[in-house]
Amino acid sequence: MRILSKWGSLGVMLGALVVCAAASLVSPAYAQTVDEIISRGKLIVAIDTTTPPYGFLDKDLKPTGFDIEVANKMGEALGVPVEFVTVTSPGRIPSLLTKQVDAVVSIFSITAARAIQIDYSIPYAGQSAVVIAPKGTAIKGPEDLVGKKVGLTRGTGEDGLLTKAAETNPGIEILRFDDYSSLLQAMVSGQIDAMGGGDYGEIYLKKAQNGDDFEQKYILKTFYFGIGVAKGNDNLRQWINTWLFTLKTDGTLENLSMKYRNQPLPALPVF
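The sections below set out a description of the structure shown in this document. (Residues numbered from 1 in each chain as written. Predicted model: local features only at pLDDT ≥ 70, side-chain atom pairs only at ≥ 80, totals over all residues. Heavy atoms only, no water.)

Taken as a whole and judged by the stated rule, the model has five aromatic pairs. Ring geometry for Tyr54 versus Phe66: centroids 5.6 Å apart, planes at 65°, classification edge-to-face. Taken together, the residues Tyr54 in the loop between β1 (43-47) and β2 (56-57) and Phe66 in helix α3 (residues 66-78) connect sequence positions 12 residues apart. Residue Tyr54 is classed as buried on the basis of its relative accessible area of 0%. Judged by relative accessible area, which is 0%, Phe66 ranks as buried. Between Trp239 and Trp243, the ring centres sit 5.8 Å apart and the planes meet at 5°, which makes this aromatic pair stacked. Placement of both Trp239 and Trp243 in helix α7 (residues 234-249) is noted, with a separation of four residues, approximately one turn of the helix. (Phe/Tyr/Trp six-rings, centres within 6.5 Å; stacked < 30°, edge-to-face > 60°. Helix = DSSP H or I, 4+ residues; strand = E, 2+ residues; numbered from the N terminus. Buried < 20%, exposed > 50% of the residue type's maximum accessible area, 1.4 Å probe, protein only.)

Here it is, written out as structure tokens:
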């Protein structure tokens with residue numbers, strides 16, 4: 001009986017060790033709180049460097065732009081350097097779900113569908129999603145896109161809007177690109193007839209292959225950008241909300257908008 005008891009006790013101990021080991025394997029490696037980020041000594045942020053003026057590479061191939069400065073200022077407020085993880089639009093949510101980053105600062109439009117998977121801060125910027133095409137192309141609404149190739153960046157707000165437009169207007173051919181620079185190249189080279197994008201950007205400074213200037217045709221919807229964090233990470237999200245409030249009230253966000261967008265920010269709602 002004593003032998004059985006001994007092995008029984010050993011089994012319990014081994015079982016406990018297995019449970020502890022399993023728990024350590026599933027415990028998140030990323031920082032869950034502001035204190036953990038400070039203790040670790042760096043803030044890890046996902047960015048997209050293919051979406052000027054929000055994120056792009058300067059002449060020295062260093063990330064810069066509206067979103068990059070916001071992320072760097074977040075690190076300054078925490079007193080730690082920022083480590084950037086470059087993602088494309090479709091990779092923003094996975095970077096949080098797989099716990100690669102603490103936050104996403106990448107023109108991350110706030111939508112109810114995305115909020116099922118991740119949590120958002122209050123808006124820090126916004127813009128309108130629009131349809132862009134050469135001036136010589138007559139487009140006033142989705143019905144004028146029938147028979148045309150329409151490009152967009154995969155996983156963006158305009159992706160959802162133009163996909164719905166194609167469902168109700170058969171004949172619109174949707175072509176998806178993984179990043180904004182590839183989309184711009186397709187537009188300039190004439191591979192597509194129109195594109196969905198933001199009411200900003202270098203597309204207006206370029207000409208189509210036939211020499212025609214580009215212009216905004218119509219507005220799809222106005223989107224507001226939030227900083228994304230992992231679902232349930234209320235400690236970090238609340239700190240970001242408080243910090244963004246200070247950037248709004250002291251004029252920092254407005255100054256960044258004028259610097260990179262050459263226009264004021266739209267009125268930013270709160271929730």
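From this point, the narrative continues.
Since the α-helix advances by 3.6 residues per turn, residues separated by three or four positions end up pointing in the same direction. In this model α7 runs 22 Å from its N-terminal to its C-terminal C-alpha over 16 residues, within 8% of the 22 Å that 1.5 Å per residue would give. Among all positions in α7, only Leu236, Ile240, Asn241, Trp243, Leu244 and Leu247 are buried. Looking at the buried side of α7, the elements it contacts are α2 (34-40), α3, β12 (228-230) and α8 (252-261). Positive phi shows up at Gly251, right after α7, with a value of about 85°. (Expected span 1.5 Å × (residues − 1). Contact = heavy atoms within 4.5 Å.)

For the structure on display, the rule yields 10 salt bridges. A salt bridge links Lys231 to Asp119; its shortest N-O distance comes to 3.3 Å. With Lys231 in the loop between β12 and α7 and Asp119 in strand β6 (residues 118-120), this pair connects stretches of sequence that are 112 residues apart. Take Lys231: its relative accessible area is 47%, and that puts it in the partly exposed class. (Salt bridge = Lys/Arg side-chain N within 4 Å of Asp/Glu carboxyl O.)

To continue, consider the sheet that holds strand β7 (residues 125-134). Spatially, the five strands line up as an open sheet ordered β9-β8-β10-β7-β11, and their pairing is mixed. Sheet topology places β9 (173-177) and β11 (214-225) at the edges, where each strand pairs with a single neighbour. Averaged over all pairs of adjacent strands, the angle between strand axes in this sheet comes to 25°, irrespective of strand direction. Along the sheet, helix α5 (residues 157-168) contacts β7, β8 (149-153), β9, β10 (194-198) and β11; its crossing angle with β11, the most-contacted strand, is approximately 115°. (Pairing = 2+ DSSP bridges. Axes fitted to C-alpha atoms, helices over the stretch in contact; angles between N-to-C directions.)

With that settled, the discussion passes to the nonpolar core. Core analysis: the biggest nonpolar cluster contains 34 residues, and Phe66, Val70, Tyr124 and Ile227 have the highest contact counts within it. Within the residue set of this core, elements represented by two or more residues are α2, β1, α3, β7, β11, α7 and α8. At six residues, α3 tops the list of elements feeding residues into this core. Beyond its immediate stretch of four places on either side in the chain, Val70 contacts Val105, Tyr124, Ile227, Trp243, Leu253 and Leu256. Core analysis: the next-biggest nonpolar cluster, separate from the first, contains 14 residues, Tyr180, Met195, Ile203 and Ala208 among them. (Core = buried A, V, L, I, M, F, W, Y, C linked by side-chain atoms within 4.5 Å.)

Our focus in this paragraph is the packing of α3 against α7. Two numbers describe how α3 lies on α7: the axes approach to 11 Å, and their chain directions differ by 105°. Comparing their axes, α7 and α3 come out roughly perpendicular. In this structure, α3 uses Val70, Lys73, Met74, Ala77 and Leu78 to contact α7, whose residues at the interface are Trp239, Ile240 and Trp243. Grouping the amino acids of the contact of α3 with α7 by side-chain chemistry returns seven nonpolar, no polar and one charged. (Parallel < 35°, antiparallel > 145°, perpendicular 65-115°, else oblique. Nonpolar A, V, L, I, M, F, W, Y, C, P; charged D, E, K, R; others polar.)

Take the pairing of β1 next. Summarising burial for β1: five of the five residues are buried, a large majority. By the alternation rule, side chains of β1 split into Leu43, Val45 and Ile47 and Ile44 and Ala46, which are all buried. Bridge count for β1 against strand β4 (residues 82-86) is five bridges, and the pairing is parallel. Counterpart to Leu43 in the pairing with β4 is Val82. Relative to strand β5 (residues 103-104), β1 runs parallel, the two being bridged by two bridges. Paired with Val45 across the two strands is Ala103, which belongs to β5.

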